[in-house]
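Close look at the chain arrangement
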Amino acid sequence: MIGTSRRTPGRNPHTNPLHTVIATRELGQGIFILRLAREGMHFRAGQWINVGIPGTGEQREYSIYSPPSADHLDVLIKEIPGGEVSPALHRCRPGERVEIDGPHGAFTLVEGLRAAPHYLFCASGTGVSPFHSFVAESPAIDYVLLHGVRHHAELMEPGAFAPSRFVPCISREGAQPGEHQGRLTTYLGEHPVDPSTYCYLCGNSDMIYESFSLLTRFGVPREQIFAEIYF
Ligand SMILES: Cc1cc2nc3c(=O)[nH]c(=O)nc-3n(C[C@H](O)[C@H](O)[C@H](O)COP(=O)(O)OP(=O)(O)OC[C@H]3O[C@@H](n4cnc5c(N)ncnc54)[C@H](O)[C@@H]3O)c2cc1C
């Protein structure tokens with residue numbers, strides 16, 4: 001089912017829990033991992049949290065990049081130049097505190113199926129974040145991840161995924177062996193998936209709507225397609 005998580009400003013920015021910044025790690029291209037103290041927060045892989053600078057009243061949604069089993073909380077953020085929140089989060093230094101509301105969302109792996117399913121994960125840009133959490137939490141799941149980016153430098157941490165299960169789709173640079181030169185949706189259109197596949201789509205709305213349309217054309221039931229739209 002296609003759905004977008006509505007922007008949900010924290011219930012009351014003054015009462016949201018504060019989490020200490022442990023570190024920021026630069027991945028290039030304005031993309032960074034913000035590592036926060038877990039502070040006992042429970043979540044399921046695939047969920048997202050609202051993050052903001054205390055006192056500003058502004059928060060934005062970020063998928064949780066780390067698995068529920070980790071003792072810290074990572075979010076993978078692309079700084080949007082001129083944006084209200086992501087540049088401020090990029091400037092955070094260890095020891096500072098951010099406010100968090102959540103977790104939210106139902107973009108989680110299905111439970112209770114009779115047979116372990118095959119999963120197709122389609123990500124554009126930082127939309128790879130929930131898939132990183134899925135795979136780190138459940139390394140034995142049977143998946144293929146298509147990751148659409150413009151340049152190789154935007155692949156972030158490709159080593160987190162088994163090479164045999166990972167198809168980088170590079171739209172604006174030459175591809176290397178094992179990669180697809182072109183858009184994710186072009187690759188998907190040329191590689192029909194079995195209708196029994198459980199499909200998860202995360203990132204920008206154009207990729208999600210186009211992938212949804214291809215998947216339903218392949219015969220994948222709508223109930224087996226899950227989407228998280230970032231923008
Ligand atoms: C459920 C959900 C989960 C999300 N998870 C993540 C995540 O894990 N990592 C992440 O980096 N972002 C994620 N986002 C997007 C994030 O919430 C913010 O929209 C983004 O960080 C920009 O916020 P800003 O305040 O800096 O910019 P704003 O001042 O809010 O606006 C800047 C403009 O940038 C656009 N924009 C937002 N994201 C992007 C993008 N990636 N590339 C280009 N333009 C963009 C917005 O539509 C807006 O027009 C998620 C969004 C949703 C709804």
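Remember, predicted model here, so these are calculated numbers, not experimental data.

**Notes on the pattern of salt bridges**
- If you walk through the whole model with that rule in mind, you get 8 salt bridges.
- A salt bridge links Arg 44 to Glu 111; the shortest N-O distance between them is 3.3 Å. Placement of Arg 44 in the loop between β2 (31–37) and β3 (48–52) and of Glu 111 in the loop between β6 (97–104) and β7 (118–124) is noted, with a sequence separation of 67 residues between them.
- You can call Glu 111 exposed: its relative accessible area is 63%.
- Its salt-bridge partner being Glu 154, residue Arg 150 comes within 2.8 Å of it at the nearest N-O pair.
- Residues joined by salt bridges that share partners form a network here, namely Glu 58, Arg 60 and Glu 84.

**A closer look at the site of the ligand**
- The environment of the ligand is formed by 21 residues, the closest being Glu 61, Tyr 62, Leu 76, Val 85 and Ser 86.
- At 2.6 Å from an oxygen atom of the ligand is found a main-chain nitrogen or oxygen belonging to Glu 61.
- One of the side-chain N or O atoms of Tyr 62 is found 2.7 Å from an oxygen atom in the ligand.
- In the complex, 79% of the free accessible area of the ligand, which totals 900 Å², lies under the protein chains.
- Comparing atom positions with the cavity grids shows the ligand to sit within the largest pocket.
- Mapped onto the shell around the ligand, the elements with two or more residues apiece are β4 (59–63), β5 (72–78), α1 (86–90) and β12 (225–229).
- Counting residues per element, the shell around the ligand draws most heavily on β4, which supplies 4 residues.
- Grouping the amino acids of the shell around the ligand by side-chain chemistry returns 10 nonpolar, 5 polar and 6 charged.
- Each of domain 1 (18–104) and domain 2 (118–229) contributes no fewer than three residues to the shell around the ligand.

**Quick notes on the domain arrangement of the chain**
- Each assigned domain of the chain is listed with its residue range as follows: domain 1 (18–104) and domain 2 (118–229).
- Inter-centroid distance (C-alpha atoms) of domain 1 to domain 2 is 23 Å.
- Opposite the 19 residues of domain 1 that make contact, domain 2 presents 15 residues.
- Between domain 1 and domain 2 the total buried area reaches about 1,400 Å² when both faces are included, carbon and sulfur atoms providing 58% of it.

**Digging into the sheet that holds strand β9 (residues 166–170)**
- Across the sheet, 6 strands lie side by side as β10-β9-β8-β7-β11-β12; this open sheet has parallel pairing. Of all strands in the sheet, those bounded by a partner on one side alone are β10 (180–181) and β12.
- Where β7 meets strand β11 (residues 198–203), 5 bridges bridge the pair, whose relative direction is parallel. Paired with Cys 122 across the two strands is Leu 201, which belongs to β11.

**As for the nonpolar core**
- One finds Phe 121, Phe 131, Phe 134, Leu 145 and Tyr 200 to be the most contacted residues of the largest nonpolar core, which totals 28 residues.
- At the level of elements, β2, β7, α2 (129–137), β8 (142–149), β9 and β11 are the ones that each hand at least two residues to this core.
- Residue contributions to this core reach at least three from each of two domains, namely domain 1 (18–104) and domain 2 (118–229).
- Not counting the four nearest positions on each side in its chain, Phe 131 is found in contact with Phe 107, Phe 121, Cys 122, Ala 123, Leu 145, Phe 161, Tyr 200, Leu 201 and Cys 202.
- Within the second largest apolar cluster, 21 residues are counted, among which are Leu 146, Met 207, Ile 208 and Ile 229.

**Some points on the sheet that holds β2**
- Reading across from one edge, β4-β3-β6-β1-β2-β5 is the order of the 6 strands in this open sheet, with antiparallel pairing throughout. The strands lining the two open edges of the sheet, one partner per strand, are β4 and β5. The mean angle between the axes of side-by-side strands here comes to 40 degrees, regardless of whether they run parallel or antiparallel.
- Direction of pairing for strand β1 (residues 18–28) relative to β6: antiparallel, over a ladder of 3 bridges. Within β6, the residue paired with Leu 18 across the bridge is Glu 99.

Conventions adopted
- Residues numbered from 1 in each chain as written.
- Predicted model: local features only at pLDDT ≥ 70, side-chain atom pairs only at ≥ 80, totals over all residues.
- Heavy atoms only, no water.
- Salt bridge = Lys/Arg side-chain N within 4 Å of Asp/Glu carboxyl O.
- Helix = DSSP H or I, 4+ residues; strand = E, 2+ residues; numbered from the N terminus.
- Buried < 20%, exposed > 50% of the residue type's maximum accessible area, 1.4 Å probe, protein only.
- Near = heavy atom within 4 Å.
- Polar contact = N/O pair within 3.5 Å; in protein donor to acceptor, adjacent residues only side chain to side chain.
- Areas by Shrake-Rupley, 256 points an atom, 1.4 Å probe, with all protein chains shown as cover.
- 1 Å grid on protein atoms, 1.4 Å probe; cavity = no way out; pocket = protein on both sides within 12 Å on 5 of 7 lines; lining within 4 Å.
- Sits in = over half its atoms within 2 Å of the grid points.
- Nonpolar A, V, L, I, M, F, W, Y, C, P; charged D, E, K, R; others polar.
- Domains from an automatic or database assignment.
- Contact = heavy atoms within 4.5 Å.
- Buried area = accessible area lost by both parts, 1.4 Å probe.
- Pairing = 2+ DSSP bridges.
- Core = buried A, V, L, I, M, F, W, Y, C linked by side-chain atoms within 4.5 Å.
- Axes fitted to C-alpha atoms, helices over the stretch in contact; angles between N-to-C directions.

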